[in-house]
Structure formats: C-alpha cells, structure tokens
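Overview (structure and organization)
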Amino acid sequence: MTLFGQTLDTQQLFALVLLSASLVYWLFVMRGERNYRRWFKQWEADRRARREAQQRAEGGGSGGPWG
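Residues numbered from 1 in each chain as written. Predicted model: local features only at pLDDT ≥ 70, side-chain atom pairs only at ≥ 80, totals over all residues. Heavy atoms only, no water.

1. Focus: the overall build of the chain
How we decide: Each helix is a run of DSSP H or I of at least 4 residues and each strand a run of E of at least 2, with the numbering of both proceeding from the N terminus. This radius of gyration counts C-alpha atoms alone. The globule rule is 2.2 Å times how many residues there are, raised to the power 0.38. Burial here depends on accessible area, computed with a 1.4 Å probe over protein chains only, as a share of the maximum for the residue type. Under 20% is buried, over 50% is exposed, and the range in between is partly exposed. Residue exposure ignores everything except the shown protein chains as possible cover, and the areas themselves are Shrake-Rupley values with a 1.4 Å probe.
Tallying secondary structure elements over the chain gives one helix and two strands in all. Its helices and strands in sequence order give the chain the pattern β-β-α, from N to C terminus. The C-alpha radius of gyration computed for the chain amounts to 27 Å, which surpasses the reference 11 Å derived for 67 residues by more than 25%, pointing to a less compact arrangement than a globule. When the backbone C-alpha atoms are referred to their principal axes, the chain occupies close to 75 × 15 × 15 Å. Taking all 67 residues of the chain together, the buried fraction comes to 1%. Surface exposure of the chain reaches about 6,500 Å², of which carbon and sulfur atoms provide 61%.

What follows is the structure, given as structure tokens:
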C-alpha cells in the first residue's frame, strides 16, 4: 500500500491503524468528560438554587453573618 508516495509495510500500516484508533478513543473520552462537566455544573446550580429557596422559605434573615 502506498500513502503520499511512501510504501507502507504491514508494521507501519498496523501502527497507522492503531494511531487512528487511539485518536478516535480520545475524542470519545473528551466528549464524555465535557458532557459530565456540563451535567455537574447544572446539577450544582440547581442544588444551590434549591438550597437558597429553602432558606428563604424558612424565613432566613438577610443572609449576612449577623442575620
């Protein structure tokens, strides 16, 4: 097989396939990490909003350190 005018033997072809597979793998890993980060930020914002709503419902003060 030739690629860009270079004849590739079996070992070089296998290395090229392995390199391509590892690139695809890391793209999936990065996508999953990005989705997890987005989910965690949303979960944290929702949790904070629920906590603040609960504190307001319980009649919390102005929110300062002295009430």
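Next, the rest of the story.
2. Quick word on the environment of Glu52
Along the chain, the position of Glu52 falls in helix H1 (residues 10-57). Separated by 26 residues in sequence, Glu52 and Trp26 have C-alpha atoms that sit 39 Å apart.

3. Quick word on the confidence of the model for the chain
Heads up, the rule is: Residue-level confidence of the predictor, termed pLDDT, takes values from 0 up to 100.
Mean pLDDT over the chain stands at 89; residues scoring 70 or higher make up 91%. At the level of individual helices and strands, the chain shows its lowest average pLDDT in strand S1 (residues 2-3), which scores 78, and its highest in H1, which scores 95.

4. Observations regarding a positive patch on the surface
What counts, and what does not: A patch consists of residues whose relative accessible area exceeds 30% and which take part in no salt bridge; residues with like charges are grouped when within 9 Å of each other, and nonpolar side chains (Val, Leu, Ile, Met, Phe, Trp, Tyr) when within 5 Å. Salt bridges are identified by distance alone: a Lys or Arg side-chain nitrogen within 4 Å of an Asp or Glu carboxyl oxygen. This count recognises Lys and Arg as positive and Asp and Glu as negative, with His and chain-terminal groups excluded. Lysine's charge is taken at NZ, arginine's at CZ, aspartate's at CG and glutamate's at CD.
A surface patch of like charges, here positive, comprises Arg47, Arg48, Arg50 and Arg51. With respect to the helices and strands, the residue Arg48 is situated in helix H1. The exposure class assigned to Arg48 is partly exposed, which follows from its relative accessible area of 39%.

5. Quick notes on the packing of aromatic side chains
Our working definition: Here a pair means two rings of Phe, Tyr or Trp (six-membered ring of Trp) with centres within 6.5 Å. Their orientation is stacked below 30 degrees between planes, edge-to-face above 60, and tilted elsewhere.
Within this structure, the stated rule accounts for five aromatic pairs. With a centroid separation of 5.8 Å and an interplanar angle of 35 degrees, the aromatic rings of Tyr36 and Trp39 are classed as tilted. Taken together, the residues Tyr36 and Trp39, both in helix H1 and three residues apart, mark about one turn of the helix. In this structure Tyr36 comes out as partly exposed when scored by relative accessible area, which is 48%. Considering the side-chain rings of Phe40 and Trp43, the 5.6 Å spacing of their centres and the 35 degrees angle between planes classify their relative orientation as tilted. Here the residue Phe40 and the residue Trp43 both occupy positions in helix H1, the gap between them amounting to three residues, near one helical turn. By the ring-pair criterion, three or more aromatic residues cluster together here, those being Tyr36, Trp39, Phe40 and Trp43.

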